[in-house]
Amino acid sequence: MKALEDSLDQHIVETASKRKQYPGKIVACFIKKLKAERQMLELYHPNIKPREIKADAAQGSRMTNVLAAASAVCKQTSEAMKSPEESEKKMRRREKNRVAAQRSRKKQTQKADKLHEEYECLEIENSSLKKEIGKLMDELKHLTEVLKDHEAICPLLHCAVNFVSGPRRDVITSFLPR
């Protein structure tokens, strides 16, 4: 079956290359060859029918176990083949790396703690500033009401000085202590 398919592919390639050279003659020849190939494929009946290969569910887990064991054996073998100097060097490098990683994690934790403390301080300051803003707004409302009440009864605002051109605030602020 595979041989016939390969043969057919080869004929297609030959035909394509000939088509570039002799386009008119090739079409009829190509059609004949294709018909002949189809007839041959229809006549082909394999004596042995291929069975479906069924995967075993346990096979996957066995393969995983074998691969893990093989990698462990390879690692042990490579460790055994190294010289004592190399393995000592590796142990020192690992120890240095472990200590450096501990230092890095400690720094990172300290930095996070510092940021959290700063955040809490800023939250407290923010809430106290909001309270102060509220108090100042209340005081502003109160003073505005007092000023409106005072404007109605103030003799200075109704005198001739008030009719002079200029802002009213200058007249009022000029009488206030500095």
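J.: Whenever I open this one, the overall build of the protein confuses me. Can you help?
T.: Helix and strand counts for the protein stand at six helices and zero strands. Counting helices and strands in the order they occur from the N terminus, the protein gives α-α-α-α-α-α. The 178 residues of the protein split such that 5% are buried. Pairs at least 24 residues apart make up 31% of the contacts formed inside the protein by residues separated by at least 6 positions. Accessible surface, the protein: about 16,800 Å² in total, of which carbon and sulfur atoms supply 60%.

J.: Looking at this structure, I do not really get the pattern of salt bridges. What am I missing?
T.: Where charged atoms of side chains with opposite charge meet at close range, the side chains can pair. Taken as a whole and judged by the stated rule, the model has one salt bridge. Here E95 ties to R98 by a salt bridge, and the two come within 2.3 Å at their closest N and O atoms. Pair noted here: E95 and R98 are both in helix 4 (residues 84-153), with a separation of three residues, about one helical turn. Exposure remark for E95: the relative accessible area of 37% places this residue in the partly exposed category. Judged by relative accessible area, which is 39%, R98 ranks as partly exposed.

J.: Looking at this model, I keep getting lost on a positive patch on the surface. Mind explaining?
T.: Where like charges cluster on the molecular surface, the positive patch consists of K75, K89, R92, R93, R94 and K96. Here the positive patch gets five residues from one element, more than from any other, and that element is helix 4. By secondary structure assignment, the location of R94 is in helix 4.

J.: Any chance you could explain the confidence of the model for the protein here in plain terms?
T.: Close inspection of predicted coordinates is inappropriate in any region flagged by low pLDDT. Residues of the protein with pLDDT of at least 70 account for 70%, and the chain-wide mean is 77. Summarising per-element confidence for the protein, the mean pLDDT is lowest in helix 6 (residues 168-174) (53) and highest in helix 4 (93).

How each quantity is defined
Residues numbered from 1 in each chain as written. Predicted model: local features only at pLDDT ≥ 70, side-chain atom pairs only at ≥ 80, totals over all residues. Heavy atoms only, no water. Helix = DSSP H or I, 4+ residues; strand = E, 2+ residues; numbered from the N terminus. Buried < 20%, exposed > 50% of the residue type's maximum accessible area, 1.4 Å probe, protein only. Contact = heavy atoms within 4.5 Å. Areas by Shrake-Rupley, 256 points an atom, 1.4 Å probe, with all protein chains shown as cover. Salt bridge = Lys/Arg side-chain N within 4 Å of Asp/Glu carboxyl O. Patch = residues over 30% accessible without salt bridge, like charges linked within 9 Å, V, L, I, M, F, W, Y side chains within 5 Å. Lys, Arg positive; Asp, Glu negative; His and termini not counted. Charge placed at Lys NZ, Arg CZ, Asp CG, Glu CD. pLDDT = per-residue confidence, 0-100.

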